[in-house]
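# Chains, contacts and geometry: an overview
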Amino acid sequence: MIQSSQKITALYCRLSQEDMRQGDSDSIVNQKMILEKYAKENGFENTQVFADDGYSGVNFERPAFRRMLHLIEDGKIGVIITKDLSGLGRNYIEVGSYTEIYFPKNNVRYIAVNEFFCSLLGAFKNFIHRSGYIAVLPVVKCCCYSDFHSVTTFLNRSKSTGLNAIKKHSDFVVTPKS
């Protein structure tokens, strides 16, 4: 078995054809820079970039993603870092299967940088924002891919239940009504 310090820290980047039309902000190059900077600043070593350029997040049969899974099965990857949860995939159920079952079963730590998500913290703590807000971003980003009107439905329902849904940058957070 490979020692933990020798295991690969996988920096996984994905960009679909649709996302490519949005410009350089989500480009593979930009994602790679963000992930490499994060890894360096947080002491992650032995990094290796896995990039699926032009592949939809709905489909998990992506070449770099599959290669990463083979290395996990071989016990060679200890950490996977993505820019955000949607970088891992757009199917909420399948993403949850990886983050809650497959990665822990294989002793792989998963981090989504932009959402402050770290599998070591446990499910509930990942959704508590430092200011006390409960983040619902992973649900909105993943499960609403093919049903964008769900965001509007979510915002309307949150108002009727005594909560405020606030859009901060590209994130949605829920707070109690004042």
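Everything quoted here is computed from the prediction, not taken from an experiment.

## What about the overall build of the chain?
Secondary structure summary: the chain contains eight helices and eight strands in total. Within the chain, the proportion of its 178 residues that are buried is 40%. Restricting to contacts in the chain with at least 6 residues of sequence separation, those with at least 24 account for 64%. As presented, the chain carries roughly 10,100 Å² of accessible surface, and 53% of it is formed by carbon and sulfur atoms.

## Quick notes on the pattern of salt bridges
Summed over the entire model, instances satisfying the criterion amount to three salt bridges. With a closest N to O distance of 3.6 Å, Glu-41 and Lys-37 form a salt bridge. Taken as a pair, Glu-41 and Lys-37 lie in helix α2 (residues 28-41) at a separation of four residues, close to a single helical turn. Ionic pairing is found between Glu-61 and Arg-66, a salt bridge with its closest N-O pair at 3.7 Å.

## Focus on the pairing of strand β3 (residues 77-82)
β3 sits mainly inside the fold: six of its six residues count as buried. As paired elements, β3 and strand β4 (residues 109-112) share four bridges and run parallel to each other. Its bridge partner being in β4, Ile-81 is matched across the sheet by Ile-111.

## Overview of the sheet that holds strand β1 (residues 8-15)
To summarise the sheet geometry, strands pair through backbone hydrogen bonds and adopt either a parallel or an antiparallel arrangement. If you trace the five strands from one edge of the open sheet to the other, you get β2-β1-β3-β4-β5, paired in mixed fashion. Looking at strand neighbours, the two that pair on one side only are β2 (47-53) and β5 (117-118), the edges of this open sheet.

## Some details on the side chain of Asp-84
Checked against the element boundaries, Asp-84 lands in the loop between β3 and α4 (85-88). Given the relative accessible area of 11%, Asp-84 is considered buried.

## Looking at the nonpolar core
If you look at the biggest cluster of nonpolar residues, it comprises 23 residues, and the most contacted ones within it are Phe-50, Ile-77, Ile-80 and Phe-103. Put simply, the parts of the chain that give this core at least two residues each are β1, α3 (63-73), β3, α4, α5 (92-105) and β4. Of all the elements, α3 adds the most residues to this core, at six residues. Each residue touching Phe-50, except ones within four places of it in the same chain, is listed here: Ile-8, Ala-10, Leu-11, Tyr-12, Cys-13, Ala-64, Arg-67, Met-68, Leu-71 and Ile-77. In this structure, Cys-13, Ile-28, Phe-44 and Cys-118 belong to the second largest nonpolar core, which totals 12 residues.

## Remarks on the confidence of the model for the chain
Residues at a pLDDT of 70 or more form 60% of the chain, whose mean pLDDT is 74. With pLDDT under 50 throughout, residues 158-178 is counted as low confidence; its partners more than four residues away or in other chains account for 43 contacts.

## With respect to the side chain of Thr-99
Locating Thr-99 in the fold gives a position in helix α5. Residue class for Thr-99 comes out buried when judged on its relative accessible area of 6%. Every residue in contact with Thr-99, bar those within four places of it in the chain, is listed here: Leu-85, Leu-88, Pro-104, Tyr-110 and Phe-117.

About the cut-offs
- Residues numbered from 1 in each chain as written.
- Predicted model: local features only at pLDDT ≥ 70, side-chain atom pairs only at ≥ 80, totals over all residues.
- Heavy atoms only, no water.
- Helix = DSSP H or I, 4+ residues; strand = E, 2+ residues; numbered from the N terminus.
- Buried < 20%, exposed > 50% of the residue type's maximum accessible area, 1.4 Å probe, protein only.
- Contact = heavy atoms within 4.5 Å.
- Areas by Shrake-Rupley, 256 points an atom, 1.4 Å probe, with all protein chains shown as cover.
- Salt bridge = Lys/Arg side-chain N within 4 Å of Asp/Glu carboxyl O.
- Pairing = 2+ DSSP bridges.
- Core = buried A, V, L, I, M, F, W, Y, C linked by side-chain atoms within 4.5 Å.
- pLDDT = per-residue confidence, 0-100.

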